[in-house]
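# Coordinates in review
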Amino acid sequence: TDAGHYRCVVENDAGTAAKVVTLALQSAPVVAVTPRAVAVRAGQRVLLHCAASGEPTPSVEWWRDGEPLPEGPHVLPNATLLLAAATRRDTGNYSCLARNTLGSAVAHASLAVQGGWEPHRVRGSLVGIINTYELSVTTLDAGVLDDPHSGTTAVRSSIGSIPPAVGPLMRVLVAIIAPVYWSLAHAGGDAQSGFLLTRGTFRHESQLEFATGELLRVTHLARGADATGTLLLDSVISGSVPESIGEATVLLQDFSERYVHTGAGRLSGGSVQSFLRDGRIIHAHCNHTIVYDPSTGLQPPRVQHVRVSAVEASFDPALEELRFQLRASLDAGANRDQCPPGFILGPQQLYCLDLDECQMLNQCQHKCRNSLGSYRCICPPGYRL
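In what follows, the accompanying structure is described. All of these numbers come straight from a predicted model, not from anything done at the bench.

## Description of the nonpolar core
- By size, the foremost hydrophobic cluster in this structure holds 60 residues, and its most contacted members are Met170, Leu173 and Tyr181.
- Among all residues touching Leu173, those that are not within four sequence positions of it are Ile130, Leu208, Phe210, Leu216, Ile237, Val241 and Phe324.
- In this structure, Val33, Trp62, Ala107 and Val113 belong to the second largest nonpolar core, which totals 21 residues.

## Description of the sheet that holds strand S6 (residues 59–64)
- Strand order in the open sheet formed by 5 strands is S4-S10-S9-S6-S7, with mixed pairing between adjacent strands. A single partner strand is all that each edge strand has here, and the edge strands are strand S4 (37–41) and strand S7 (67–68).
- By the bridge criterion, 2 bridges tie S6 to S7 in an arrangement that is antiparallel. Looking at the pairing, Arg64 lines up with Glu67 of S7.

## Some details on the pattern of salt bridges
- What the rule picks out here adds up to 9 salt bridges.
- The salt bridge involving Arg99 is made with Glu61; its shortest N-O contact spans 2.5 Å. Placement of the pair is Arg99 in strand S9 (residues 92–100) and Glu61 in strand S6, with a sequence separation of 38 residues.
- Overall, Glu61 belongs to the partly exposed group, its relative accessible area being 28%.

## Remarks on the environment of Leu102
- Along the chain, the position of Leu102 falls in the loop between S9 and strand S10 (103–114).
- Judged by relative accessible area, Leu102 falls into the partly exposed class, the value being 42%.
- Taking C-alpha positions, Leu102 is 39 Å from Ala332, a pair spaced 230 residues apart along the chain.
- Excluding residues within four positions of it along the chain, Leu102 makes contact with Gln26, Ser27, Ala28, Glu55 and Pro56.

## Looking at unusual backbone geometry
- Backbone torsion omega between Thr34 and Pro35 reads -15°, so that peptide bond is classified as cis.
- Checked against the element boundaries, Pro35 lands in the loop between strand S3 (27–34) and S4.
- Of the consecutive residues Glu55 and Pro56, the connecting peptide bond is found in the cis state with omega at 0°.
- Note on placement: Pro56 falls in the loop between strand S5 (46–55) and S6.
- If you check the backbone angles, Asn131 has positive phi at about 50° while not being a glycine.
- Along the chain, the position of Asn131 falls in the loop between strand S11 (121–130) and strand S12 (133–147).
- A relative accessible area of 9% means that Asn131 is categorised as buried.

## What about the state of the cysteines?
- Enumeration according to the criterion identifies 4 disulfides in this entry.
- Across the disulfide from Cys50 sits Cys96; the S-S distance is 1.9 Å. Taking the torsion about the S-S bond as the criterion, the Cys50 to Cys96 disulfide, at about -75°, is left-handed. One end of the pair, Cys50, is in strand S5; the other, Cys96, is in strand S9, and 46 residues separate them in sequence.
- Disulfide pairing places Cys364 opposite Cys377 at an S-S distance of 1.9 Å. On the sign convention where negative means left-handed, the S-S torsion of about -80° between Cys364 and Cys377 marks this disulfide as left-handed. Residue Cys364 is located in the loop between strand S25 (352–354) and strand S26 (367–371), and its partner Cys377 is located in strand S27 (residues 374–378); the two are separated by 13 residues in the primary sequence.
- Across the protein, the way the bonded cysteines pair up, counted in sequence order, is 1-2, 3-4, 5-7, 6-8.
- Here Cys379 stays unpaired: no disulfide links it, and the sulfur of Cys377, its closest cysteine neighbor, is 8.2 Å away.
- Overall, Cys379 belongs to the partly exposed group, its relative accessible area being 22%.

## Some words on the packing of aromatic side chains
- Applying the stated criterion to the full structure yields 3 aromatic pairs.
- Among the aromatic residues, those joined into a ring-pair cluster are Trp182, Phe202 and Tyr259.

## Some words on a nonpolar patch on the surface
- Judged by side-chain polarity, Tyr6, Val21, Leu23 and Leu25 come together as a nonpolar surface patch covering roughly 340 Å² of accessible area.
- When you line up the elements, Tyr6 lands in strand S1 (residues 4–12).

The rules behind each value
- Residues numbered from 1 in each chain as written.
- Predicted model: local features only at pLDDT ≥ 70, side-chain atom pairs only at ≥ 80, totals over all residues.
- Heavy atoms only, no water.
- Core = buried A, V, L, I, M, F, W, Y, C linked by side-chain atoms within 4.5 Å.
- Buried < 20%, exposed > 50% of the residue type's maximum accessible area, 1.4 Å probe, protein only.
- Contact = heavy atoms within 4.5 Å.
- Pairing = 2+ DSSP bridges.
- Helix = DSSP H or I, 4+ residues; strand = E, 2+ residues; numbered from the N terminus.
- Salt bridge = Lys/Arg side-chain N within 4 Å of Asp/Glu carboxyl O.
- Disulfide = S-S within 2.5 Å.
- Phe/Tyr/Trp six-rings, centres within 6.5 Å; stacked < 30°, edge-to-face > 60°.
- Patch = residues over 30% accessible without salt bridge, like charges linked within 9 Å, V, L, I, M, F, W, Y side chains within 5 Å.
- Areas by Shrake-Rupley, 256 points an atom, 1.4 Å probe, with all protein chains shown as cover.

Here is the structure:
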């Protein structure tokens with residue numbers, strides 16, 4: 001508060017003299033970058049604004065993924081970074097570094113350039129056991145087509161070499177292709193597609209629990225894209241589904257999945273998937289955990305939503321082929337930087353941690369079971385809620 005202009009006035013019988021001096025208090029740099037996260041389509045213009053203050057006036061330089069950017073016309077006189085037509089090579093984590101004689105400060109932003117380079121095909125394998133039926137190595141082949149006009153990505157997949165005894169049971173297992181629609185969904189606004197976030201290398205655990213008690217787990221391992229731009233995906237499945245599905249007419253319903261950033265390189269998702277079995281609606285709870293190397297991608301929003309619609313499934317016993325098709329979109333929503341109910345901010349406010357409601361008093365009269373972002377009250381044997 002002492003900084004400012006000071007005026008010294010001297011007077012005597014001969015007259016008056018005055019002198020003005022400026023007092024500037026030195027301070028270390030303070031820096032901020034806006035916006036903190038940007039997602040654009042290839043070819044769009046990007047502006048990252050860097051506001052730096054300090055005394056002496058700090059120098060400013062931009063870095064990307066830990067490497068300094070060369071000086072050039074893309075850095076404006078006010079230290080704003082300009083990318084006139086962003087390309088996929090511009091995707092990364094950007095830092096604005098401010099320095100003066102008293103120290104330095106840095107602020108970060110992430111840029112995701114989407115479109116024109118995500119894989120349009122997925123290939124892999126599926127093995128495991130369903131309802132005691134063993135699957136030999138089956139082949140997964142999926143085509144992905146981005147449709148900017150509808151704001152969705154169309155996914156068509158086929159899984160071959162499925163035994164006829166188990167194929168009809170698998171028509172409700174959209175979780176088999178969860179990594180496909182999660183990583184390659186059409187991203188709108190500030191959302192960041194799973195492929196850009198992980199560079200196509202991640203582990204995706206899915207668990208599907210039916211209302212009748214059956215439990216199914218799928219472990220997916222995405223190994224990145226090959227030289228042809230095809231995402232490589234291998235999956236292992238185990239567990240059971242209701243046997244009554246096999247002979248029933250099944251209609252899958254639209255659903256949405258919420259993915260929460262729950263740790264460095266870790267996302268947790270959940271949804272309630274529904275289908276009509278002979279006209280009767282059946283619900284199944286699906287939970288996902290995704291783990292990836294955080295140093296290879298971008299800092300995700302705290303919350304993102306995948307919207308899945310126009311879901312269809314069929315099994316061809318003659319070809320022993322299971323088919324899925326759907327449309328998927330990804331959005332961050334208005335609360336992208338807020339932890340949803342059931343979560344609290346973690347260390348350094350970088351991600352969200354699950355709140356264990358069962359540790360709080362009077363949640364349930366009997367047994368309480370905590371789940372990600374929620375909890376369930378359980379009655380003792382012989383009773384029900």
